[in-house]
Amino acid sequence: MHFFKAASSRPPSDASASASRSLGRPLRGALAGLLSAAAALGVAEIFASFVGTTSSPLVSVGGTFIDATPRWLKEFAIRTFGENDKTILLTGIATTIAALAALIGLLALRHVWAGITAVLLLGSVPAVTAATRPTGTLLDAIPALIGAAVGAVCLAQLIKRVPETEGRTQSEAAVPDQTNVGRRSFLRASLAVATLAAVAGVLGRAVLNQRMDVEALRSALRLPSPAEPARILPNGLDVKTPGLTPFYTPNEAFYRVDTALSVPAVNSDDWTLRIHGMVDREISMSFAELLARPMVERDITLTCVSNEVGGRLLGNARWLGVRVQDLLEEAGISKDADQVVSRSFDGMTIGTPTAALLDGRDALLAIGMNGEPLPLEHGFPVRMLVPGLYGYVSACKWIVEMEATTFAAYDPYWVQRGWAEQAPIKVSSRIDTPKPLASLSPGGAIVAGVAWAQQRGIEAVEVRVDGGDWIPAKLAASAGIDAWRQWTWEWDATDRGNHTLEVRATDGEGVVQVEERAEPFPSGSTGWHSVVVSVA
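Residues numbered from 1 in each chain as written. Predicted model: local features only at pLDDT ≥ 70, side-chain atom pairs only at ≥ 80, totals over all residues. Heavy atoms only, no water.

## With respect to the nonpolar core
Piece 1. The biggest cluster of nonpolar side chains holds 77 residues, and the ones touching the most others in it are Leu273, Trp319, Leu365 and Met402.
Piece 2. The next biggest cluster of nonpolar side chains, apart from the first, holds 23 residues, and it includes Leu440, Ala445, Leu501 and Val533. (Core = buried A, V, L, I, M, F, W, Y, C linked by side-chain atoms within 4.5 Å. Buried < 20%, exposed > 50% of the residue type's maximum accessible area, 1.4 Å probe, protein only.)

Shown next, in the form of structure tokens:
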């Protein structure tokens, strides 16, 4: 009994103390790397707030990653994550940085100068990507470089304070405890670096928001009355069937597909539009000058080329803006300029066939969406939209420049990546209700959805069950050739079991929706949308 009591009161053995040392130092080394990286990013954010959002390390690296991403991976991200794809990408980048930072901390435990060099090399990556972005300059590299220098200093100071030992052997028990002093020193330094990282990051965002409080400018903007109001909408335009997409898509629900990891904050007071290139006279105008021009109001459906058969990457809104045709004719665009390249505030380039801008359709530089100024994520203060063309060749958001040129002379962003130069929207339709795999009770059921063929309109929609005869659906009233059209069909669902519903549309020129399935690349998807439901 006395033996067990004595044994239980023994001090830790040399082996257990050694295990403590072997575990504690690596943990502190990894923490030193993580805290140093956080401080570097936070300080870089402060300086990026003065230089511009594209010089933010995460944004610049993410933007370059997007530019270099293979087409198939982009399409996979859009299909899988939808509008959350950017959040997933930024999370992945942050996780990668954290892992590298922890490894650098472990390296610095053995060779502190090797760790410092690794921090500086890691910081050079966002510096290079920021400077080489489409709108980047050498100035954009400064935030990342300063952040890397701060991170290197923090790492050196933290590693210096990591205790050499984490536990005491029996022979060390009588020696003054320098280990605890080292622990406290490391803890104080860690708290200081963590505070620097947090304060720097928050302050950087705050300074950026204070300098560019664009949302306040947007909220204060009063849209001018249209010189050409939208047509009076007919009765029966917006069918209120449960599950059916409404005629107007609310701004907060409108799809967003672009490459901007950080939504550009464009100050409308500083905004200018430059029209140049193959024109007789270059035009430059401010936002106030654009607002003073005659405004046109139209209902137009926008469609993303990445929309799969039955997909949701489209929406309909009432837009307010200035006709692009008037501006190009005022500039005296050359008859040899078959392409107009629009440039966004963040450097995105979109090429539009000149013919589509001069043929009388309602191509607009829009400032309003569904009765309010453009939301920031949809292009405030000004965006372009061209009915009848997929967005990647027409819908430049945050537009600041229009250059008259030729297809032979310049390939815009998406064309460089293999997408078609010209991309008219294909006639398409979709079943909104019932949902796939829905279970229906026997009896009457409403099948409903939307169809679209901008610039040609929808003349007919047909539905069939289990490959049988095509049956005409009932079309809602039309708002014009540039807006989608709702349709409904009353199905007498009496046969129990599984059934396949299919839909196809016919446009105003008599073209029937293509049956053959094709992926969006390179000029838009094709195929009949179908859903399988059960009647029980």
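## Looking at the side chain of His499
Piece 1. Note on placement: His499 falls in strand S18 (residues 497–507).
Piece 2. What makes His499 buried here is its relative accessible area of 8%.
Piece 3. One polar contact links His499 to Asp466, side chain to side chain, over a distance of 2.7 Å.
Piece 4. Beyond its immediate chain neighbours, meaning those up to four positions away, His499 contacts Val465, Asp466, Trp491, Val531, Val532, Val533 and Val535. (Helix = DSSP H or I, 4+ residues; strand = E, 2+ residues; numbered from the N terminus. Polar contact = N/O pair within 3.5 Å; in protein donor to acceptor, adjacent residues only side chain to side chain. Contact = heavy atoms within 4.5 Å.)

## Regarding the pattern of salt bridges
Pairing between side chains of opposite charge can happen when the charged atoms of each approach one another.
Piece 1. Under the criterion given, the structure shown has 21 salt bridges.
Piece 2. The partner of Asp258 in a salt bridge is Lys397, and the shortest N-O contact between them spans 2.6 Å. Remark: Lys397 occurs in the loop between strand S9 (383–385) and strand S10 (399–405) and Asp258 occurs in the loop between helix H9 (214–220) and strand S1 (272–277); sequence separation between them is 139 residues.
Piece 3. For Asp258, a relative accessible area of 15% corresponds to the buried category.
Piece 4. Residue classification places Lys397 among the buried positions, given a relative accessible area of 8%.
Piece 5. For Glu502, the salt bridge is made with Arg464, and the minimal N-O distance between the two is 2.8 Å. Taken together, the positions of Glu502 in strand S18 and Arg464 in strand S14 (residues 458–465) put the pair 38 residues apart, joining distant regions of the chain. Here Glu502 and Arg464 have matching classes, each one buried.
Piece 6. Here the salt bridges share partners, and the residues they tie into one network are Glu228, Arg298, Arg323 and Asp362. (Salt bridge = Lys/Arg side-chain N within 4 Å of Asp/Glu carboxyl O.)

## With respect to the pairing of S10
Piece 1. Among the seven residues in S10, five count as buried, and that is most of the element.
Piece 2. Of the pairings in the sheet, the one linking strand S5 (residues 339–344) to S10 comprises six bridges and is antiparallel in character. Each bridged residue has a counterpart across the sheet, and for Ser344 the counterpart in S10 is Ile399. (Pairing = 2+ DSSP bridges.)

## A word on unusual backbone geometry
When glycine is set aside, most residues are seen to have a negative phi, and most peptide bonds are trans.
Piece 1. Cis geometry is adopted by the peptide bond preceding Pro381, which originates at Phe380 and carries an omega value of 5°.
Piece 2. The topology assignment puts Pro381 in the loop between strand S8 (372–373) and S9.
Piece 3. The peptide bond linking Phe521 to Pro522 adopts the cis configuration, its omega dihedral lying at 10°.
Piece 4. One non-glycine residue with positive phi stands out, namely Leu437, at about 70°.
Piece 5. Mapping Leu437 onto the fold places it in the loop between strand S11 (428–433) and strand S12 (439–440).
Piece 6. Assessed through its relative accessible area of 74%, Leu437 is described here as exposed.
Piece 7. Of note, Asp466 is a non-glycine position whose phi angle comes to about 55°, a positive value.
Piece 8. Among the secondary structure elements, Asp466 is positioned in the loop between S14 and strand S15 (471–472).
Piece 9. Residue Asp466 is classed as partly exposed on the basis of its relative accessible area, which comes to 44%.

## With respect to the packing of helix H6 (residues 112–131) against helix H7 (residues 142–160)
Piece 1. Running from amino to carboxyl end, H6 crosses H7 at an angle of 160°, the nearest separation of the two axes being 8 Å. Considering the angle they form, H6 stands roughly antiparallel to H7. Handedness of the H6/H7 crossing: right-handed. Contacts between H6 and H7 pair Val112, Gly115, Ile116, Val119, Leu120, Gly123, Pro126 and Ala127 from the former with Ala144, Leu145, Ala148, Ala149, Gly151, Ala152, Leu155, Ala156 and Ile159 from the latter. (Axes fitted to C-alpha atoms, helices over the stretch in contact; angles between N-to-C directions. Parallel < 35°, antiparallel > 145°, perpendicular 65-115°, else oblique. Left-handed = near helix turned anticlockwise from the far one by under 90°.)

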